[in-house]
Amino acid sequence: MRFIFRILKWLIAIFVGSSVLAVGAYRYVPVKVTPLMVIRAIRPVGTERQKETQRHWKHEWVALDRMSEWMPSAVVASEDNRFYTHHGFDTTEIKKAMEENRKGGRQRGASTISQQTAKNVFLWPGHSWLRKGLEAYFTVLIEMMWPKERIIEVYLNSIEMGAGIYGAQAAAEYYFGRPAIDLTKRQCALIAVCLPNPIKRDPAHPTPYLNRRATKIMRYMKLPDK
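Reference entry: report on the structure contained in this document. (Residues numbered from 1 in each chain as written. Predicted model: local features only at pLDDT ≥ 70, side-chain atom pairs only at ≥ 80, totals over all residues. Heavy atoms only, no water.)

1. Here's the deal with the packing of aromatic side chains
The geometry of two aromatic rings is summed up by the distance between their centres and the angle between their planes.
Move 1: For the structure shown, the criterion picks out 8 aromatic pairs.
Move 2: Here the aromatic rings of Tyr174 and Tyr175 are separated by 5.1 Å at their centres, their planes lie at 85 degrees, and the arrangement is edge-to-face.
Move 3: An aromatic cluster is defined as three or more aromatic residues linked by ring pairs; in this entry it consists of Phe15, Tyr26, Phe122, Tyr137 and Phe138.
Move 4: The aromatic ring of Phe83 is capped on one face by Lys148, whose charged end is 4.4 Å from the ring centroid. (Phe/Tyr/Trp six-rings, centres within 6.5 Å; stacked < 30°, edge-to-face > 60°. Lys NZ or Arg CZ within 6 Å of the ring centre and 35° of its normal.)

2. Quick word on the side chain of His86
Move 1: One can find His86 in the loop between α4 (70-79) and α5 (91-102).
Move 2: Classification of His86 by relative accessible area gives buried; the value is 7%.
Move 3: For His86, the side chain forms a polar contact with the side chain of Asp80, separated by 2.8 Å.
Move 4: In terms of polar contacts, His86 uses its side chain to reach the backbone amide nitrogen of Gly88, at 2.8 Å. (Helix = DSSP H or I, 4+ residues; strand = E, 2+ residues; numbered from the N terminus. Buried < 20%, exposed > 50% of the residue type's maximum accessible area, 1.4 Å probe, protein only. Polar contact = N/O pair within 3.5 Å; in protein donor to acceptor, adjacent residues only side chain to side chain.)

3. With respect to the packing of helix α6 (residues 113-122) against helix α7 (residues 129-145)
Move 1: At a minimum axis distance of 8 Å, the contact between α6 and α7 shows a crossing angle of 110 degrees. With respect to α7, the element α6 is oriented roughly perpendicular. On α7, the residues touching Ser114, Gln115, Thr117, Ala118, Lys119 and Phe122 of α6 are Arg131, Glu135, Phe138, Thr139, Ile142 and Glu143.
Move 2: Considering only residue class, the contact of α6 with α7 consists of 4 nonpolar, 4 polar and 4 charged. (Axes fitted to C-alpha atoms, helices over the stretch in contact; angles between N-to-C directions. Parallel < 35°, antiparallel > 145°, perpendicular 65-115°, else oblique. Contact = heavy atoms within 4.5 Å. Nonpolar A, V, L, I, M, F, W, Y, C, P; charged D, E, K, R; others polar.)

4. Describing the environment of Asp202
Move 1: With respect to the secondary-structure elements, Asp202 resides in the loop between α10 (185-194) and α11 (208-220).
Move 2: Judged by relative accessible area, Asp202 falls into the partly exposed class, the value being 26%.
Move 3: Expressed as a C-alpha distance, the spacing of Asp202 and Tyr175, which sit 27 residues apart in the sequence, is 8.0 Å.
Move 4: Separated by 2.9 Å, the side chain of Asp202 and the backbone nitrogen of Ala204 make a polar contact.
Move 5: Within the structure, the side chain of Asp202 is placed 3.1 Å from the side chain of His205, a separation counted as a polar contact.

5. Describing the sheet that holds strand β1 (residues 58-59)
For sheets, the rule is that strands pair by backbone hydrogen bonds, running either parallel or antiparallel.
Move 1: Judged by pairing direction, the sheet is mixed, and its 3 strands sit side by side in the order β1-β3-β2 without closing on themselves. The open sheet has two free edges, formed respectively by β1 and β2 (160-162), since each of these has just one partner strand.
Move 2: Bridging between β1 and strand β3 (residues 165-166) involves 2 bridges; their strand directions are parallel. From the neighbouring strand, His59 faces β3, where its bridge partner is Tyr166. (Pairing = 2+ DSSP bridges.)

6. Re the environment of Leu210
Move 1: Looking at the element boundaries, Leu210 is found in helix α11.
Move 2: Spatially, the C-alpha atoms of Leu210 and Leu190 are 7.1 Å apart, while their sequence positions differ by 20 residues.

7. Points about the nonpolar core
Move 1: The biggest cluster of nonpolar side chains holds 50 residues, and the ones touching the most others in it are Met71, Val75, Ile113, Phe122, Leu156, Met161 and Met221.
Move 2: Residue assignment for this core shows that the elements contributing at least two residues are α4, α6, α7, α8 (148-158), α9 (168-176), α10 and α11.
Move 3: A per-element tally of this core places α10 first, with 7 residues.
Move 4: The contacts of Phe122, once residues within four sequence positions are left out, are Ala22, Val23, Tyr26, Pro35, Phe138, Ile142 and Trp146. (Core = buried A, V, L, I, M, F, W, Y, C linked by side-chain atoms within 4.5 Å.)

Structure (structure tokens):
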């Protein structure tokens, strides 16, 4: 039994040490490949055309200052409007989600940009308790070790924005034929409102609902003070 506990302690120590080193490295090193990119390439979803795109994914890392200033504003307004004030977990949204689920209403998520970044970069998609626990662990790590600007930069470079489309640069070129830095305010809003279901939603050909949603999001988009 002591031998088993000794092995477990070593395994935990190795996991904690390697995860801290990985998070520390990604504060400075671009994230070129994520688990989801590999999973989608091996097990693609959607139409045959979408599956083929996922097998040969499009992704190009660009620094935050090479994206439109509206891009971070759009995803914060759409996905996590308390991003700059919480510490990884939005307790207000968590309480709302729990209350709605308790009443039997529409199932809603409460994942923050920090949580989504932790999942995208270090983990696999899914809803198991193990994955959720690891997501919380990595969320705490990146909030401790990365500034908010780095979190949003990694998020905007790693998030799935379409079938085989990852990051703002690839999305800007694929949907609008321009680099991320030249995206307009509305184009950024359209990309942001497609994030909850990027395989089925198309920012280049938005439905009336997506157009209305983008218009609403634009009212809350603000540029940082210079």
